[in-house]
Protein chains: 2
Amino acid sequence: MATLKDIEVAAAMNILTAFAFLVAFAFLRLQPINDRVYFPKWYLKGLRNSPLGAGAFVGKFVNLDFRSYVRFLNWMPAALQMPEPELINHAGLDSAVYLRIYLVGLKIFVPIAFLGFAVMVPVNWTNGTLEHSTLEYSDIDKLSISNIPIGSNRFWTHLVMAYAFTFWTCYVLKKEYEIVASMRLHFLASEQRRPDQFTVLVRNVPPDPDESVNELVEHFFLVNHPEHYLTYQVVYNANKLSDLVKEKKKLRNWLDFYQLKYSRNQSTRPLTKTGFLGLCGERVDAIDLYTSKIEGLSEAIASERDKITNNPKSIMPAAFVSFKARWGAAVCAQTQQSRNPTIWLTEWAPEPCDVYWDNLAIPYVSLTIRRLIVAVAFFFLTIFFMIPITFVQSLANIEGIEKALPFLRPIIELKSVKSLIQGFLPGISLKIFLIFLPSILMHMSKFEGFISISALERRSATRYYIFQFINVFLGSIITGAAFQQLHEFMNQSANDIPKTIGVSIPMKATFFITYIMVDGWAGVAGEILRLKPLVIFHLKNFFLVKTEKDREEAMDPGSLGFNTGEPQIQLYFLLGLVYAVVTPVLLPFIIVFFGLAYMVYRHQIINVYNQEYESAAAFWPDVHGRIIVALIVSQLLLMGLLSTKEAARSTPLLIALPVLTIWFHRFCKGRYEPAFVRYPLQEAMMKDTLERAREPNLNLKGFLQNAYIHPVFKKGDDSESDAASEDSDQGSNLVPTKRQSRRGTPFPSKRSGSSSSLLPEAVQEH
Amino acid sequence: MATLKDIEVAAAMNILTAFAFLVAFAFLRLQPINDRVYFPKWYLKGLRNSPLGAGAFVGKFVNLDFRSYVRFLNWMPAALQMPEPELINHAGLDSAVYLRIYLVGLKIFVPIAFLGFAVMVPVNWTNGTLEHSTLEYSDIDKLSISNIPIGSNRFWTHLVMAYAFTFWTCYVLKKEYEIVASMRLHFLASEQRRPDQFTVLVRNVPPDPDESVNELVEHFFLVNHPEHYLTYQVVYNANKLSDLVKEKKKLRNWLDFYQLKYSRNQSTRPLTKTGFLGLCGERVDAIDLYTSKIEGLSEAIASERDKITNNPKSIMPAAFVSFKARWGAAVCAQTQQSRNPTIWLTEWAPEPCDVYWDNLAIPYVSLTIRRLIVAVAFFFLTIFFMIPITFVQSLANIEGIEKALPFLRPIIELKSVKSLIQGFLPGISLKIFLIFLPSILMHMSKFEGFISISALERRSATRYYIFQFINVFLGSIITGAAFQQLHEFMNQSANDIPKTIGVSIPMKATFFITYIMVDGWAGVAGEILRLKPLVIFHLKNFFLVKTEKDREEAMDPGSLGFNTGEPQIQLYFLLGLVYAVVTPVLLPFIIVFFGLAYMVYRHQIINVYNQEYESAAAFWPDVHGRIIVALIVSQLLLMGLLSTKEAARSTPLLIALPVLTIWFHRFCKGRYEPAFVRYPLQEAMMKDTLERAREPNLNLKGFLQNAYIHPVFKKGDDSESDAASEDSDQGSNLVPTKRQSRRGTPFPSKRSGSSSSLLPEAVQEH
């Protein structure tokens, strides 16, 4: 077991690493050449066009102003300075609320840590159980609950503290839920007019032999929402087209690369090979090759575009239906339309850039089957993920490599290389798996059929949390793979499970302290350095960039990554709550993590990240729910731990805690969750009335006309079909009484005034 | 253990009892004097005024037509003759769908029984395990799974059968859910106009210092549903008034009794004592006494009525808000109104006679706390109910009685009496508890704050089912009180619990067969005899009845009693599904129960029961869910049983069953449940359009004006306030811009044209 000394060494090492990262960051960010890596947000918002304070030629690349190096840590106060309303305005509500998660961590754990150190550390310390025992123990263990003799009356302190901590956590959670809910409602009701406030996504439009989807949608809503219906946009199956556009973009990058190469060295035209990855095949002129390839692709794109707009089969049985007022949209989104609850499904349209277009046309039965498949697959992934990895590990041994690649044998047989490989190989397949885990989970969510990116990320976050809970938290405490745990749990009584885990908890405190320092401290400090985007930006800048626009594209601001970030934070909540009563010494480490992460991410959100979508903090119920889960887990484990300490009289008192916590959760769910899933009619009506009074002549139809067009159509050739959009302008209020085919109508693709700058750039065609 | 012989004897005895009940019924129902006991439904519907075929004076009391005795069993085909649509029209959808539960039982178990007898009985019978063992066994056990040797390959039959039974059950359930859902939608969309189709119940109207509840409600809905809002009715706190009215009714009964006595014997005026129960105190003239008492009470009622209508404090913060069309009501009922989800709560108004008036004004926070209290109370009731009963039993022993009532000693000390008391006493407190259990559960539901009688009954049914599952089903299998079970389960592993129960299941088959015959067969046959209503009717008829109206009131048609009846049926589903694979011999007994009960209840519904309310089969999701629970329990127990039989290879295959069943449940929930909780807008619009076309001049306001008035006001003096209702007629579309008090407005109590004849008579004042 680690002693205090070991912890000190580890802490020193990690603090040094973190500090090195921070210093490197402080230095690099001051160089004008890195300005687009560390401040891309400002460029994207159009608030900055060139590095600040650029003077002479050298000054464009290296910062020569030595005074700025003196103030190299001033990004920290700067990050904290921007007030929250400005932050919401600058980076969106999602980001601002995401930062509040760290704040909640601080709000919960700072008072708990103070109380813990004031009350429990002395109570634990002034015992001699461990000294008189023959057990190995560390100084940290002397501060923990292990140091209290069995059956001691001192356990009452822990019991009272468990109550105090629970009440404090619930109080903070309730306050925070209240604040976030009102922030969300305020944000939704804020002055900005957004297309998703007026629009409802309709899925599973039933097939009809006589009418096209367009006609069906129009008729249905004109009949059932006669006073409110405004217009609709059908959804085209443009997945193939968007693949082609992506391909074209990639080819254009290569063309740019060779053109740049040629312009720098005009003596020889750059050559390339036509084969696999340019490694083999005939040598041809690269510029000509890519120009012709792009031309071919452009034609393919044009014909695919034609096909989509003219072929009724490429219209998916889904549509975005817009209403004259928010009230009408709120009504339609929150009610059932048809007798059959599996057709004409309506829900709030996600924000245009939040839509996940591929999933819009999955029928209901298929959805439920997919859900079953994913649930089973995730169960097996979580419980049995170690089995294939162990199998790969057993294959990837030195003998296997020597057999497969015999020419490597002389090198491998070297003693130092051999031991390196032997130490390295078994871990590598696990490491690779863990790196790919978030994207595996993301693919699962995509397969499950969620229709917005935010929902995909939320679901992936839930799964990632469960995976971490079982394989990191439980896996570290009762060392063993998940399927072994499962087997053990199945054969243990309900009483014994919390006991088994509870008993091992105090002993794992030092392990988790090290984990927090490596994963939390150094990891967060590494985040601010942005090493990977830094390298990629400079490579792109050197090889591809010709114009300012190219440079803009070379920036990779990234985004928050809710699906990986939030479960990580939740692990710290879990550790903090579990150890608050057992080993309060762990708390300061968690507090440092929360504080540092808050500052770093606040800086990143202000200066770097460019959020892809805006879900108006729709994730908060998940965050709240998982903290509640952590709280209940901590209570159960404490119950298990205390029952082995023969403090049996206190156990019945502890049973009340989870009951009260669950009740608190249900109360919060009823009280605050509706703000995240429903839109009150009063709000809608207020906003509508205000808008009508201010802008009586607003052309809402024009505003909404093209808001929900598949991004590949968004920046298409303007020449294509101005007439078409006018046609559908007039057409949408007429209900043809005869069932006639209008499938010849060309698709309207007039550029919309509301086209958002937040669109994923990868799918924008230039 | 019981042998086949024992079962035969028990069966014969119970068949005889049931047969005796049926014969008694067949005889009694033919007597004209009992006509109102056995055919009250026809009287209440106004389709019959006097017994059929009444001739001479004697013929009014006794049926002298001997031919009718020959056909004494012809009620059975008669009960089955009425086609379902007519039944719905005659007795309501609730009753018709309730009967379908029995049909579902037949549909599930008849094919399962055939398959079971064809396949599994031979498979089980042709083994010799029990013959060669030293265990005591009966012939029934030879037909069960116990007769198969450990580790035999024959268990594959049981596995395949478990799959077949599960699929068949799910198929029947899905079909049935589909039918019931479409019946419900058809019923809701049927031609009849009902006030609840246009009305929404608003609760938790927030207090406002400047405006009364009336004004608040009117303003809110005029602002937020301007195009749809029609009118509203506030809810008065009339609980005290309705108590007074009940009291008056009781006194009037006594007065009638004495007047009748006096009219029969004019020589002496009847006397009574003024003290407790008329047993002690001064002797006075009974008629004068009750006349004066009733006069006093009438005054109190009048003043209380005045107080309610004039005092704004008696207006509860709740209201029934009506809309111009079903569409508007559907929208309002299914959306959130205010930013704060705990105020302005809207939901579909229950049918007027389904409203539980006492609970309309409970605030949100109080509701959540009540729910917690009831949940905890129910947990303790279920788990620890044996403790107080055991305590009472220990007090109520013979020595205790002798001490308390020493004069009884000589009688008690008689040997025969003593043994009788000793055998009788311990059971009596348990019996009393079980008789009162449904009303205890009903009070719990009332305390929890449900606002409709149907919801109260549904919740009570759920609780009663849980209680029966734990204390009857599990309690019989692993003999022991619930808290002992709980203790055992907590100390057993998750694997062992199904094993423990699974192993005991085959051994309890004979017990449950007896249970089915006593509780099911004889119980159902007793139901049709209606012994208690028969006696009470004749007593009332003799002592109280003066006029035809009195005689009408003396009838007690009763109603289905969903809260006790449905959980009983569910117990049979559970038994049938659990034993289908284990001991298929049990199935015929269950089939007989379902068949007999179907016939009896169909007869009762047609001729006797008068359903208090109509919830349009809102209970079906509960019924479906509980059958699913039974299915999953049966699968888990089979898994436990097979794993002890060392048929381990089959266990993993069994795990798929509950997973698929749960998935099936979720699928059904998504596919059919919305029909029971939501009202599709398309339906509403269709109905509205149709109605507008047919009756363009319909005065909907007049129709809705007084539909939701507290029943005590319903049949008040007509003279009271005709002007008032006109006043509110005009007022409801004006929004006073100044905040002025209109509290003086008298309450409108004009008799509504829609006043339903289904009103609980106890609260109707005459």
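The text that follows walks through the structure, step by step, so that each part is easy to find. (Residues numbered from 1 in each chain as written. Chains lettered and ligands numbered in written order. Predicted model: local features only at pLDDT ≥ 70, side-chain atom pairs only at ≥ 80, totals over all residues. Heavy atoms only, no water.)

**A look at the overall build of chain A**
A count of helical and extended segments in chain A gives 34 helices and 6 strands. By residue count, 53% of the 766 residues in chain A fall in the buried class. Taking all contacts inside chain A whose residues are at least 6 apart in sequence as the whole, residues at least 24 apart take part in 82%. (Helix = DSSP H or I, 4+ residues; strand = E, 2+ residues; numbered from the N terminus. Buried < 20%, exposed > 50% of the residue type's maximum accessible area, 1.4 Å probe, protein only. Contact = heavy atoms within 4.5 Å.)

**Section: the pattern of salt bridges**
All names here are of chain B. Evaluated as defined, the whole model comprises 27 salt bridges over all chains. Here Lys174 makes a salt bridge to Glu178, at a shortest N to O gap of 3.5 Å. With Lys174 and Glu178 both in helix 10 (residues 155-188), this residue pair falls 4 residues apart, about one helical turn. What makes Glu178 partly exposed here is its relative accessible area of 33%. Between Lys307 and Glu304 there is a salt bridge, and its shortest N-O distance comes to 3.8 Å. (Salt bridge = Lys/Arg side-chain N within 4 Å of Asp/Glu carboxyl O.)

**Thoughts on the sheet that holds strand 2 (residues 229-236) of chain B**
Within a sheet, neighbouring strands are paired by backbone hydrogen bonds and run either parallel or antiparallel to one another. Residues and elements named next belong to chain B. Strands sit in the order 2-5-1-6 across an open sheet of 4 strands; the sheet is antiparallel. Two strands close off the open sheet at either side, each with one partner strand: strand 2 and strand 6 (345-348). Going from strand to strand, the sheet's axes swing by 30 degrees on average, the running direction of each strand aside. Here strand 1 (residues 199-203) pairs with strand 6 via 4 bridges, running antiparallel. If you follow Val200 over to strand 6, its bridge partner there is Trp348. Contacting strand 1, strand 5 (315-323) and strand 6, helix 14 (residues 326-333) runs over the sheet at an angle of about 130 degrees to strand 6. (Pairing = 2+ DSSP bridges. Axes fitted to C-alpha atoms, helices over the stretch in contact; angles between N-to-C directions.)

**Some remarks on the relation of the copies chain A and chain B**
When chain A is fitted onto chain B, the two copies agree to an RMSD of 0.1 Å after a turn of 180 degrees and an axial shift of 0.0 Å. When the rotation and shift are considered jointly, the pair of chain copies conforms to a two-fold rotation axis. Among all residues of chain A, the minimum C-alpha distance to the rotation axis is found for A:Ser493, at 1.8 Å. A high fraction, 100%, of the interface residues of chain A reappear at the interface in chain B, so the copies pair face to face through one surface. (Least-squares fit on C-alpha atoms with pLDDT ≥ 70 in both.)

**Looking at the nonpolar core**
A general feature of soluble globular proteins is that nonpolar side chains tend to end up buried together. Within the largest apolar cluster, 275 residues are counted, with the highest numbers of intra-cluster contacts made by A:Tyr102, A:Phe473, A:Phe594, A:Trp620, B:Tyr102, B:Phe473 and B:Trp620. Look past the residues within four positions of A:Phe473 in its chain and what remains in contact with it is A:Gln468, A:Phe512, A:Leu571, A:Leu574, A:Leu575, A:Val578, A:Val633 and A:Leu637. (Core = buried A, V, L, I, M, F, W, Y, C linked by side-chain atoms within 4.5 Å.)

**Looking at the sheet that holds strand 6 (residues 345-348) of chain A**
Residue and element names in this part refer to chain A. The strand order 2-5-1-6 describes an open sheet built from 4 strands, whose pairing is antiparallel. Lying at the two open borders of the sheet, with one neighbouring strand each, are strand 2 (229-236) and strand 6. Put simply, the sheet's adjacent strands are angled 30 degrees from each other on average, direction ignored. The pairing of strand 1 (residues 199-203) with strand 5 (residues 315-323) spans 4 bridges and is classified as antiparallel. Bridge pairing links Val202 to Ala319 in strand 5. Relative to strand 6, helix 14 (residues 326-333) is tilted by about 130 degrees, and along the sheet it contacts strand 1, strand 5 and strand 6.

**Things to note about the environment of B:Arg252**
All names here are of chain B. Counting through the fold element by element, Arg252 comes out in helix 12 (residues 239-264). Looking at Arg252, the relative accessible area reads 36%, which means it is partly exposed. Between the C-alpha atoms of Arg252 and Thr564, which are 312 residues apart in sequence, the distance is 32 Å.

**Considering a nonpolar patch on the surface**
Together, A:Val376, A:Phe379, A:Phe380, A:Leu486, A:Met490, B:Ile655 and B:Val659 line one region of the surface with nonpolar side chains, adding up to about 560 Å² of accessible area. Elements that contribute at least two residues to the nonpolar patch include exactly helix 15 (364-384) and helix 21 (482-490) of chain A together with helix 29 (651-672) of chain B. With 3 residues, the top contributor of residues to the nonpolar patch is helix 15 of chain A. Positionally, A:Val376 belongs in helix 15. Of the residues examined, A:Val376 reaches a relative accessible area of 32% and is grouped as partly exposed. (Patch = residues over 30% accessible without salt bridge, like charges linked within 9 Å, V, L, I, M, F, W, Y side chains within 5 Å. Areas by Shrake-Rupley, 256 points an atom, 1.4 Å probe, with all protein chains shown as cover.)

**Describing helix 23 (residues 509-529) of chain A**
The end-to-end C-alpha separation of helix 23 of chain A is 30 Å, in line with the 30 Å expected for 21 residues at 1.5 Å each. At A:Gly523, helix 23 of chain A shows its strongest bend, of approximately 30 degrees. (Expected span 1.5 Å × (residues − 1). Bend = angle between axes of the 7 residues up to and from the residue.)

**Looking at the interface of chain A and chain B**
Chain A puts 48 residues into the contact, and the matching count from chain B is 49 residues. Among the residues chain A hides against chain B, the three largest losses belong to A:Gln336, A:Arg339 and A:Trp663. Together they make up 16% of the total. Run the count over chain A and chain B and you get 0 salt bridges. In this structure, the connection of chain A to chain B is made through 12 residue pairs in polar contact (both at pLDDT 80 or more). By residue class, the composition of the side of chain A that touches chain B is 24 nonpolar, 19 polar and 5 charged. (Buried area = accessible area lost by both parts, 1.4 Å probe. Polar contact = N/O pair within 3.5 Å; in protein donor to acceptor, adjacent residues only side chain to side chain. Nonpolar A, V, L, I, M, F, W, Y, C, P; charged D, E, K, R; others polar.)

**Structural notes on helix 27 (residues 587-607) of chain A**
For helix 27 of chain A, spanning 21 residues, the distance from its first C-alpha to its last is 30 Å, which sits close to the expected 30 Å at 1.5 Å a residue. Across the 21 residues of helix 27 of chain A, 18 count as buried, placing the element largely inside the fold.

**What about unusual backbone geometry?**
Although it is not a glycine, A:Ala617 sits at a positive phi angle of roughly 60 degrees. With respect to the helices and strands, A:Ala617 occurs in the loop between helix 27 and helix 28 (620-644). Look at A:Ala617 and you get buried, because its relative accessible area is 0%. Positive phi values are uncommon outside glycine, yet B:Ala616 reaches one of about 55 degrees. Looking at the element boundaries, B:Ala616 is found in the loop between helix 27 (587-607) and helix 28 (620-644). Exposure remark for B:Ala616: the relative accessible area of 2% places this residue in the buried category.

That is the geometry; function is a separate question.
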